[in-house]
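What the coordinates show
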Amino acid sequence: GELNYATEWDTQKKAQRWSCYELYPSNLETHTTRYYSDTNQYPKDPLLADSLQWLTDPYWRSGFDHGHICPSADRLNSYEANYQTFFMTNMQPMRNGFNAGVWANMEKMVRNQALRRDFCDTLYVCKGGTIDGGTFNDGGKVVSTTWMTTGKKLIIPRYYFMALLKVKNGVY
């Protein structure tokens, strides 16, 4: 089958750095509903050894949402594509107000742009969060790129990003 999305997973931190994917009319068609399971809502990634990923959900009762990086709503074209967006390797922890607010609004805007034939034929999307814990000087104040680490060692980024590249008639 075709590649659904690509992700970079830090196996030592058990944290996702980014996911990148393509948006174009055929993969934005709706042929299924959002994946849901009572017993396996956030499945393990079958491409990773168990020792390199979470075996129990570190988000559970952490106060953070499972923030999809390749969104479920961008992958309703097939059951398998949607199911894969629920892998823990495609998640970043997010406060609900951000995940359901600004982040969701940005994702909707990106989807709408990808559907505009006058804007692009394909939209390449790369999104993620800062997990490396570096620091930078912000006007004399030293700021960490991570916000915190939970008791279960789940890294909470301070910053999240989206980068887009549009292609229209073969021109980037």
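Residues numbered from 1 in each chain as written. Predicted model: local features only at pLDDT ≥ 70, side-chain atom pairs only at ≥ 80, totals over all residues. Heavy atoms only, no water.

With that out of the way, let us pick up the nonpolar core. The biggest cluster of nonpolar side chains holds 14 residues, and the ones touching the most others in it are Tyr-5, Tyr-21, Leu-23, Val-110, Ala-114, Leu-123 and Val-125. Breaking this core down by element, the ones donating at least two residues are β2 (15-23), α2 (96-115) and β5 (122-129). In contact with Val-125, not counting residues within four places along its chain, are Ser-19, Cys-20, Tyr-21, Leu-23, Val-110, Ala-163 and Leu-164. (Core = buried A, V, L, I, M, F, W, Y, C linked by side-chain atoms within 4.5 Å. Buried < 20%, exposed > 50% of the residue type's maximum accessible area, 1.4 Å probe, protein only. Helix = DSSP H or I, 4+ residues; strand = E, 2+ residues; numbered from the N terminus. Contact = heavy atoms within 4.5 Å.)

For the rest of this paragraph, the subject is the pairing of β2. Regular strands have side chains that alternate between both faces of the sheet. Direction of pairing for strand β1 (residues 6-10) relative to β2: antiparallel, over a ladder of five bridges. Bridging across to β2, Glu-8 finds its partner in Trp-18. Hairpin connection of β1 to β2: four residues between the antiparallel strands, including Lys-14 at a positive phi of 50 degrees. Alignment of β2 against β5, held across six bridges, turns out to be antiparallel. The partner of Leu-23 across the bridge, within β5, is Leu-123. (Pairing = 2+ DSSP bridges.)

What follows covers empty space enclosed by the protein. Applying the stated criterion to the full structure yields one cavity of 30 Å³ or more. By volume, the largest cavity amounts to about 60 Å³. If you go around the largest cavity, the residues you meet are Trp-9, Lys-14, Ala-15, Gln-16, Trp-54, Tyr-59, Met-88, Met-91, Gln-92, Pro-93, Leu-154 and Ile-155. Looking at the lining of the largest cavity, the elements with two or more residues in it are β2 and β4 (91-94). Broken down by class, the residue content of the lining of the largest cavity amounts to nine nonpolar, two polar and one charged. (1 Å grid on protein atoms, 1.4 Å probe; cavity = no way out; pocket = protein on both sides within 12 Å on 5 of 7 lines; lining within 4 Å. Points joined across faces, edges and corners; volume = space filled by probe spheres on them. Nonpolar A, V, L, I, M, F, W, Y, C, P; charged D, E, K, R; others polar.)

Right, let's talk about the pattern of salt bridges for a bit. Scanning the entire structure with this criterion turns up nine salt bridges. Linking Glu-107 and Lys-127 is a salt bridge whose minimum nitrogen-to-oxygen distance equals 2.8 Å. Residue Glu-107 is found in helix α2, and its partner Lys-127 is found in strand β5; the two are separated by 20 residues along the sequence. According to the relative accessible area criterion, Glu-107 is buried, its value standing at 11%. Residue classification places Lys-127 among the buried residues on the basis of a relative accessible area of 1%. Between Arg-116 and Asp-118 there is a salt bridge; the shortest N-O distance is 2.8 Å. (Salt bridge = Lys/Arg side-chain N within 4 Å of Asp/Glu carboxyl O.)

Another aspect to go through is the sheet that holds strand β10 (residues 160-167). One open sheet accounts for four strands, arranged β1-β2-β5-β10; its pairing is antiparallel. What marks the edges here is a single partner per strand, and that holds for β1 and β10. Direction aside, the axes of adjacent strands within the sheet are offset by 10 degrees on average. Its contacts with the sheet put α2 on β2, β5 and β10, and the angle it makes with β10 is roughly 5 degrees. (Axes fitted to C-alpha atoms, helices over the stretch in contact; angles between N-to-C directions.)

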